[in-house]
Amino acid sequence: MDNNLFKMLTDDPSMIERTLNPGRYLHQADPDSLEIKPFSSGFDCLDNETMLLKKGEGELIIVCGEASMGKSSLMLKIAFNVSKTRPVHIFSLEDSYESIVRRRLATTIKSTISDIQRGLNKDRIQAGLDELKHYSFFVDDTGGLNVDEICERAEARFKKHKTELIVVDHLQVIGVDPTHSRALEIGNITYKLKALAKKLRCPVMLASQMNRQNAGRENKKPQLTDLKESSSIEQNSDIV
């Protein structure tokens, strides 16, 4: 037996029982743990309607829409709002780190992305970067990561920095095993990201594309069945 584990068990005999017989009866719940403690996404309409971000609940949140409809922009805005007071970890599998910084800088210094790309107003850019030091917004822009690599990196950072929101952009570009069916791989990804959220008790926000099947429907309102490629997306998610 590992020496550290042995010491923990001997220092706290009740841990032996919890290790051998995990689980609890209903009446053993801590009253404080039953209260849901949401934190702000910066969008009151979402917070009031769904309590979107819940501390300690470990939910998988799907942000879905058709291509180029603003899924990434919405998630980045939410992540940036949260990072004012809480550590955020974003996996940007398509956009580069520099692209994300330019977007935030353009808003912060009230400039255009084009001006930043052209290297204009360097003094204002440096002042904006200094202001961004106050935001705990960590970007991993490594392309081609598979879901296991995302989970490993998220857990490692969580242990050091106690991340309170994980953002993954986006589902359809996460690396998969080409020998498996696409639906099976999508199901595996959403299952593991849900397990990650539960393990860390930290919300995980994931962008996903929608099918264009509603184009021929009389009622254009999106439905859960419009989620692209796999029904497991809706099965494994807590909020869509």
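As a reminder, the structure under discussion sits directly above these lines.
All of these numbers come straight from a predicted model, not from anything done at the bench.

### Brief notes about the overall build of the protein
- Helix and strand counts for the protein come out as 10 helices and 7 strands.
- Burial status across the protein gives 39% buried among its 240 residues.
- In the protein, 71% of the contacts between residues at least 6 apart in sequence involve partners at least 24 apart.
- In the form shown here, the protein has an accessible surface area of approximately 14,500 Å², with 51% of it arising from carbon and sulfur atoms.

### Structural notes on the nonpolar core
- Of all hydrophobic cores here, the largest spans 28 residues; its most connected members are Leu53, Phe137, Leu165 and Met205.
- For this core, the secondary structure elements donating two or more residues are β3 (60-65), α4 (71-82), β4 (88-92), α5 (97-108), α7 (122-132), β5 (137-140), β6 (165-169) and β7 (204-209).
- In terms of residue count, α4 provides more of this core than any other element does, 6 residues in total.
- Listed in part, the 25 residues of the second largest apolar core include Leu145, Ala154, Phe158 and Leu200.

### Remarks on the packing of helix α8 (residues 147-161) against helix α9 (residues 182-200)
- The N-to-C vectors of α8 and α9 enclose an angle of 10 degrees; their axes lie 10 Å apart at closest approach. Taken together, the axes of α8 and α9 lie roughly parallel to each other. Residue-level inspection shows Val147, Asp148, Ile150, Cys151, Ala154, Glu155 and Phe158 of α8 in contact with α9, the latter providing Asn188, Ile189, Lys192, Leu193, Leu196, Lys199 and Leu200.

### So, the packing of aromatic side chains
- Going through the model one piece at a time under the given rule, you end up with 2 aromatic pairs.
- Both rings, one in Phe80 and one in Tyr135, keep their centres 4.3 Å apart while their planes meet at 15 degrees; by these two values the pair is stacked. Of the two residues, Phe80 is situated in helix α4 and Tyr135 in the loop between α7 and β5; the sequence distance between them amounts to 55 residues.
- Residue classification places Phe80 among the buried positions, given a relative accessible area of 9%.
- With relative accessibility at 21%, the residue Tyr135 sits in the partly exposed group.

### Comments concerning the environment of Ser83
- Locating Ser83 in the fold gives a position in the loop between α4 and β4.
- Here the alpha-carbon distance between Ser83 and Glu164, two residues 81 residues apart in the chain, equals 9.0 Å.
- Discounting residues that sit within four places of it in the chain, Ser83 has contacts with Val88, His134, Tyr135, Ser136 and Phe137.
- Here the side chain of Ser83 touches Phe80 through a polar contact of 2.8 Å, landing on its backbone oxygen.

### A look at the layout of surface pockets
- Counted as a void, the largest pocket has a volume near 480 Å³.
- Along the wall of the largest pocket there are 24 residues; nearest its centre are Ile62, Val63, Cys64, Leu74 and Val240.
- Contributing elements (two or more residues each) for the lining of the largest pocket: α3 (44-50), β3 and α4.
- Counting residues per element, the lining of the largest pocket draws most heavily on β3, which supplies 5 residues.

### A few points about α8
- The end-to-end C-alpha distance of α8 is 21 Å, a good match for the 21 Å that 15 residues give at a rise of 1.5 Å each.
- The set of residues buried in α8 consists of Val147, Ile150, Cys151, Ala154, Glu155, Arg157 and Phe158.
- Buried residues along α8 sit against β4, β5, β6 and α9.
- Capping the start of α8 is the job of one residue whose side-chain oxygen sits 3.1 Å from the backbone nitrogen of Asp148: Asn146.

### Remarks on the sheet that holds β7
- Strand order in the open sheet formed by 5 strands is β3-β7-β6-β4-β5, with parallel pairing between adjacent strands. The open sheet has two edge strands, β3 and β5, and neither has a second partner. The sheet shows a mean angle of 20 degrees between the axes of neighbouring strands, direction not considered.
- Sheet topology places β3 next to β7; 6 bridges connect them, and they run parallel. In the strand pairing of β7, Ile61 is matched with Met205.

The rules behind each value
Residues numbered from 1 in each chain as written. Predicted model: local features only at pLDDT ≥ 70, side-chain atom pairs only at ≥ 80, totals over all residues. Heavy atoms only, no water. Helix = DSSP H or I, 4+ residues; strand = E, 2+ residues; numbered from the N terminus. Buried < 20%, exposed > 50% of the residue type's maximum accessible area, 1.4 Å probe, protein only. Contact = heavy atoms within 4.5 Å. Areas by Shrake-Rupley, 256 points an atom, 1.4 Å probe, with all protein chains shown as cover. Core = buried A, V, L, I, M, F, W, Y, C linked by side-chain atoms within 4.5 Å. Axes fitted to C-alpha atoms, helices over the stretch in contact; angles between N-to-C directions. Parallel < 35°, antiparallel > 145°, perpendicular 65-115°, else oblique. Phe/Tyr/Trp six-rings, centres within 6.5 Å; stacked < 30°, edge-to-face > 60°. Polar contact = N/O pair within 3.5 Å; in protein donor to acceptor, adjacent residues only side chain to side chain. 1 Å grid on protein atoms, 1.4 Å probe; cavity = no way out; pocket = protein on both sides within 12 Å on 5 of 7 lines; lining within 4 Å. Points joined across faces, edges and corners; volume = space filled by probe spheres on them. Expected span 1.5 Å × (residues − 1). Pairing = 2+ DSSP bridges.

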